[in-house]
Structure formats: C-alpha cells, structure tokens
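Observations on the three-dimensional arrangement
These are the residues of each chain, in order.
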Amino acid sequence: MSDDLTPTISVQEISVQELFSEISDVTVVYNDPPWQALSQVLPTPTQAISAWNMDIEHLDEIASSTHATSTVVGVGGGTALDTAKFLAWKHGSTLIQVPTITSVDAGFTDAIGVRVNGNVQYVGKIMPKMVVLDIPLIRSAPKHLNRAGVGDILSCHTGLFDWKLAIEANQEDRWSENLYALGSSLLDELEAAIDEIGAVTESGVRFVADAYRRIGAACAVAGHSRFEEGSEHFLVYALEHATGDHYVHGEVVAMGVTAMASVQGNDVDRVRKIVSLSGVRANPLDIGVSQQQFFESLKSLAEYTTRERLDYSIVNTHDITELEISAAWNTVTSLPRVNI
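The following refers to the structure shown. (Residues numbered from 1 in each chain as written. Predicted model: local features only at pLDDT ≥ 70, side-chain atom pairs only at ≥ 80, totals over all residues. Heavy atoms only, no water.)

Another point: the packing of aromatic side chains. Evaluation of the coordinates by the stated rule reveals nine aromatic pairs. Summarising the aromatic geometry, the rings of Tyr-30 and Trp-35 are spaced 5.6 Å apart at their centres and angled 25 degrees between planes, so their arrangement reads as stacked. Overall, the relative accessible area of 18% leaves Tyr-30 in the buried class. Judged by centre distance (5.3 Å) and plane angle (40 degrees), the ring pair of Trp-175 and Tyr-180 falls under tilted. Given the relative accessible area of 23%, Tyr-180 is considered partly exposed. Put simply, the rings of Phe-20, Tyr-30 and Trp-35 touch in pairs and so form one group of aromatic residues. (Phe/Tyr/Trp six-rings, centres within 6.5 Å; stacked < 30°, edge-to-face > 60°. Buried < 20%, exposed > 50% of the residue type's maximum accessible area, 1.4 Å probe, protein only.)

Moving on, we get to the side chain of Gln-97. Mapping Gln-97 onto the fold places it in strand E5 (residues 94-99). Excluding its chain neighbours within four sequence positions, the residues that come into contact with Gln-97 are Gly-74, Leu-81, Ala-84, Lys-85, Ala-106, Gly-107, Pro-128, Met-130, Val-131 and Val-132. (Helix = DSSP H or I, 4+ residues; strand = E, 2+ residues; numbered from the N terminus. Contact = heavy atoms within 4.5 Å.)

This next bit is on the side chain of Asn-283. Secondary-structure assignment places Asn-283 in the loop between helix H12 (268-278) and helix H13 (284-287). A polar side-chain atom of Asn-283 sits 2.9 Å from the main-chain amide nitrogen of Leu-285. Reaching out from Asn-283, the side chain makes a polar contact with the backbone oxygen of Thr-333 at a distance of 3.1 Å. Not counting the four nearest positions on each side in its chain, Asn-283 is found in contact with Val-332, Thr-333, Leu-335, Pro-336 and Arg-337. (Polar contact = N/O pair within 3.5 Å; in protein donor to acceptor, adjacent residues only side chain to side chain.)

On the secondary structure map, Ala-68 appears in the loop between helix H3 (56-65) and strand E4 (71-76). A sequence separation of 42 residues divides Ala-68 from Val-26, and the C-alpha atoms of the two residues are 8.9 Å apart.

Moving on: the sheet that holds strand E3 (residues 47-50). Read from one edge of the open sheet, six strands run E1-E8-E5-E4-E2-E3, paired in parallel fashion. Each edge of the open sheet carries a strand with a single partner, namely strand E1 (11-12) and E3. Here six bridges tie E4 to E5, and the two strands are oriented parallel to one another. Across the sheet, Val-73 pairs through a bridge with Ile-96, a residue of E5. (Pairing = 2+ DSSP bridges.)

Okay, helix H11 (residues 249-264) next. With 16 residues, H11 extends 22 Å from end C-alpha to end C-alpha; this agrees with the ideal 22 Å at 1.5 Å per step. The element H11 is extensively covered by neighbouring structure, given that 15 of its 16 residues are classed as buried. Of the residues one or two after H11, Gly-265 is the one with positive phi, at around 65 degrees. (Expected span 1.5 Å × (residues − 1).)

Our focus in this paragraph is the nonpolar core. One finds Ile-153, Leu-190, Phe-227, Met-255, Phe-294 and Leu-298 to be the most contacted residues of the largest nonpolar core, which totals 72 residues. Judged by nonpolar contacts, the second largest core, of 19 residues, contains Leu-59, Val-72, Phe-86 and Leu-87. (Core = buried A, V, L, I, M, F, W, Y, C linked by side-chain atoms within 4.5 Å.)

Glancing now at the packing of H11 against helix H16 (residues 322-333). If you want to describe how two helices pack, look at the angle between their axes and the distance between the axes. Remark: H11 packs on H16, axes separated minimally by 8 Å, with the N-to-C direction vectors making an angle of 140 degrees. Regarding the angle of H11 to H16, the classification is oblique. Here H11 runs over H16; the crossing is right-handed. Taken together, the residues of H16 that come into contact with H11 (itself represented by Met-255, Thr-258, Ala-259, Ser-262 and Val-263) are Glu-324, Ala-327, Ala-328, Thr-331 and Val-332. Looking at the contact of H11 with H16 residue by residue, the classes come out as six nonpolar, three polar and one charged. (Axes fitted to C-alpha atoms, helices over the stretch in contact; angles between N-to-C directions. Parallel < 35°, antiparallel > 145°, perpendicular 65-115°, else oblique. Left-handed = near helix turned anticlockwise from the far one by under 90°. Nonpolar A, V, L, I, M, F, W, Y, C, P; charged D, E, K, R; others polar.)

A full pass over the atoms with the stated rule returns 21 salt bridges. One salt bridge connects Lys-90 with Asp-60, and the closest N-O pair in it is separated by 3.9 Å. Of this pair, Lys-90 sits in helix H4 (residues 78-91) while Asp-60 sits in helix H3; the two residues are 30 residues apart in sequence, bridging distant segments of the chain. Take Asp-60: its relative accessible area is 32%, and that puts it in the partly exposed class. Close ionic contact of Glu-322 with Lys-299 constitutes a salt bridge, the shortest N to O distance being 3.1 Å. Of the two residues, Glu-322 sits in helix H16 while Lys-299 sits in helix H14 (residues 291-299), which places them 23 residues apart along the sequence. (Salt bridge = Lys/Arg side-chain N within 4 Å of Asp/Glu carboxyl O.)

Everything listed here is a matter of coordinates, which is why it stays silent on function.
Take a look at the structure:
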C-alpha cells in the first residue's frame, strides 16, 4: 500500500445555483428538506429521486427503474449521498455531491454504504468528481446536524486504538505510519477547532469539510478506513441492526466513541471534553437509545462483529463485562444533555 495521502477529491466552495447553471442531463438524489425549497430556484433536473431507504433491494429497484444520465448529484445528508453513489456507480455516471449538513463524511468517501438484511455493508466504490461546499446552505440547517460532524472525526480516537491493537495481536498487516499520523493530527485539529464547530461558524464548517476531504482521500488511497473506523462504528451498526432505528450518524458515533473509549481505557476525559465543547448530542437519553438497548448491543457486540466479519478491535480481546458496560453507560449518560 502506498503511503501517498495526496488529496484526490475536489471541493469547490460555490453555491448550488452556480453548480446547476453548469450541468445538464442530471439526476438529482435528494433529501427534503432542503430539496423542496431548492427546487424552486434551480433548473428542473432530468430526474429527481427522493432518498429514504438504504436497503439493497430498494436501491437495486431504483437503479433498474430509472435511466442513466451523464451526471448524478446527491443533495442532502447521508442517505442522499450514499444513494447517489450507488446510482452513479450502477449507471456509470459522473458523481457530484452536495452535502447540505455535515453530520457524516459519506459525501467525501468512495465506499458505498448500503444495508443488507439490516446490516451495513459496502458494495462498491466511486469517487465524486466534485464536492460542492455551499456554506450558507449548510449553515441554514439545524445546528445539531452540523455539530454532529465531530463524530466521524472523533472516531479516529477509538479507531486508531483498535488498529494498533490489531497490529500488536498480528491480526492486521495494513499498517501505515502516515495514516496513523493523519488520524492523530485530525484529533488535535478537531480539539483546536471545537469552539468554531460548536458555534457552526463558516470556519467550523470549512474545518469539518476539509477533515472529511482528507479522510476520504486517505481511505481511497489506502483501500480501507482502519484509522477512523473501529469499535465505535461497530457498536453503532450493532445497535441499529438490533433496534431497526436510524440515528443522526455523527451523534450516535460520538456516543459510540465515548462508550468504547471507556471500554478501551483510552483517555475518556479527552473524548468527554471534545463532545462537551462541541455541543454535539451524544447522550443516549437525547438521541433515543435506552439503557436496555445500549446494554444488549454491547453484550452482543463480539458475536455481531464476528458474524459480520468486522475488523479486529477491543471487542476481540476479551469478553466485555457487566462492570465495563455499566461504566460505559455511566460515562455516556454523564455527557451534557442538549436540547434542539
């Protein structure tokens, strides 16, 4: 594997109106809001598809029932951006992503995340030709959806820990000092920018987008996401599979980082500080995760990760005890409550 982490994703800070004035023969894959309002001021696209279901059967049906256009544009959050990836991949179209919130890094990564039998799986890869950063549009969204952007950056904290465990246990051979350094640097930069992210300023939005760009480029070059996806994401996948619920991604990942940092014994104070200062909703009582759901997901996490063939992590090193689960619950429920 090359250690060259040169960015390969073009991010253009322009308005959605500017983008649509330059393209034609386009399929828009959208979330609403904000599409209904945007559609009043944009040219009518060739096709417009509402994104709401990431089940592979649903996505295959969309791909087979629509015709290929030269360009697919995703407009919205994670469901729109991943659905746009899938459709562009299936149709051989150029992909352009327009994230309207910064709750997830899906618009900047090449892996296509779908759900198969209720589980997250990655079925293909496609790199966007361009990501459009319309900062006024992003900042017009509810603040909690942008503060959630800390989740997919903070996940480097537990992801790096799990990756190093895997290397030390000879369960992993995809090591890169550059990737490890990138994850560590992103955490330091996140901590430095946390006030701006919490206030959802222009510079805060730019930081999250640039962090996503660097993560997406690095994952594409490396062919994996070990440095920023570990047991914290696995807990989220297990929780969503068990409950059938779908949460704001960055919020539930921030909860997952806090919980698994507790299990890892991995500088929980730093995680708590970042979460608290950002204002991200990560307390399970705010995001709709009950104590029973939390306990059962952690109890079954080893079985889940084995069944789904997820990467080696803290989960594989020992049986997580009731005491550890209780400590993790106490940690996540001690996070500040956030009203929206």
